[in-house]
Amino acid sequence: MVFTRKDYMSGKCTHEEYYGQLVTQSMKEHIARAIPQGLAKSTDPHFNDISLSTWDRLGMAYSLRDEFKSLGDFKTDAGMVCVLKEAARQIREGAA
């Protein structure tokens, strides 16, 4: 199922469901390679103990403009950080 920005804003899906639909396996692999120690040492459930500049830097590798647009959204730095942190959560939880 695809969730739109409108679905997310109206509570029809969770933060994890909305941003998680933009996570790819290659993105998870990239994050795991780029910041393995940061992921391992993070004690914050939202990875806020990893600097925002790190997330912004990682986000530069991905366009996702069309993907966000197809959901009725726009790609922003903040939205990209949400996608990357969701990917990190999936890595931590061992989600395929």
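Residues numbered from 1 in each chain as written. Predicted model: local features only at pLDDT ≥ 70, side-chain atom pairs only at ≥ 80, totals over all residues. Heavy atoms only, no water.

### Let's talk about the overall build of the protein
Part 1 of the reasoning: Per the secondary structure count, the protein includes seven helices and zero strands.
Part 2 of the reasoning: The C-alpha radius of gyration of the protein comes to 13 Å, within 12% of the 12 Å expected for a compact globule of 96 residues.
Part 3 of the reasoning: Projected onto its principal axes, the C-alpha positions of the protein cover 35 × 25 × 20 Å.
Part 4 of the reasoning: Within the span of the protein, comprising 96 residues, buried residues form 38% of the whole.
Part 5 of the reasoning: Excluding contacts between residues fewer than 6 apart, the proportion of contacts in the protein whose partners are at least 24 apart in sequence is 61%.
Part 6 of the reasoning: Counting every atom, the protein has about 5900 Å² of accessible surface; 54% of that belongs to carbon and sulfur. (Helix = DSSP H or I, 4+ residues; strand = E, 2+ residues; numbered from the N terminus. Rg over C-alpha atoms; globule rule 2.2 N^0.38 Å. Buried < 20%, exposed > 50% of the residue type's maximum accessible area, 1.4 Å probe, protein only. Contact = heavy atoms within 4.5 Å. Areas by Shrake-Rupley, 256 points an atom, 1.4 Å probe, with all protein chains shown as cover.)

### Some thoughts on the environment of S42
Part 1 of the reasoning: In this fold, S42 is placed in the loop between α4 (36-41) and α5 (52-59).
Part 2 of the reasoning: In this structure the C-alpha to C-alpha distance between S42 and K28, which are 14 residues apart in sequence, comes to 16 Å.
Part 3 of the reasoning: For S42, the residues in contact, after removing those within four places along its chain, are F47, D49, I50 and R92.

### Brief notes about the packing of aromatic side chains
Part 1 of the reasoning: The tally for this structure, following the rule as stated, stands at four aromatic pairs.
Part 2 of the reasoning: Arranged with centres 5.7 Å apart and planes meeting at 75°, the rings of Y8 and Y19 form a pair that is edge-to-face. On the criterion of sequence distance, the pair formed by Y8 in helix α1 (residues 5-9) and Y19 in helix α2 (residues 15-20) is long-range, its members being eleven residues apart.
Part 3 of the reasoning: When its relative accessible area of 6% is taken as the criterion, Y19 is described as buried.
Part 4 of the reasoning: Ring plane angle 70° and centroid distance 6.2 Å describe the contact between F47 and W55, whose orientation is recorded as edge-to-face.
Part 5 of the reasoning: Looking at F47, the relative accessible area reads 1%, which means it is buried.
Part 6 of the reasoning: Put simply, the rings of Y8, Y18 and Y19 pair up and form one aromatic cluster. (Phe/Tyr/Trp six-rings, centres within 6.5 Å; stacked < 30°, edge-to-face > 60°.)

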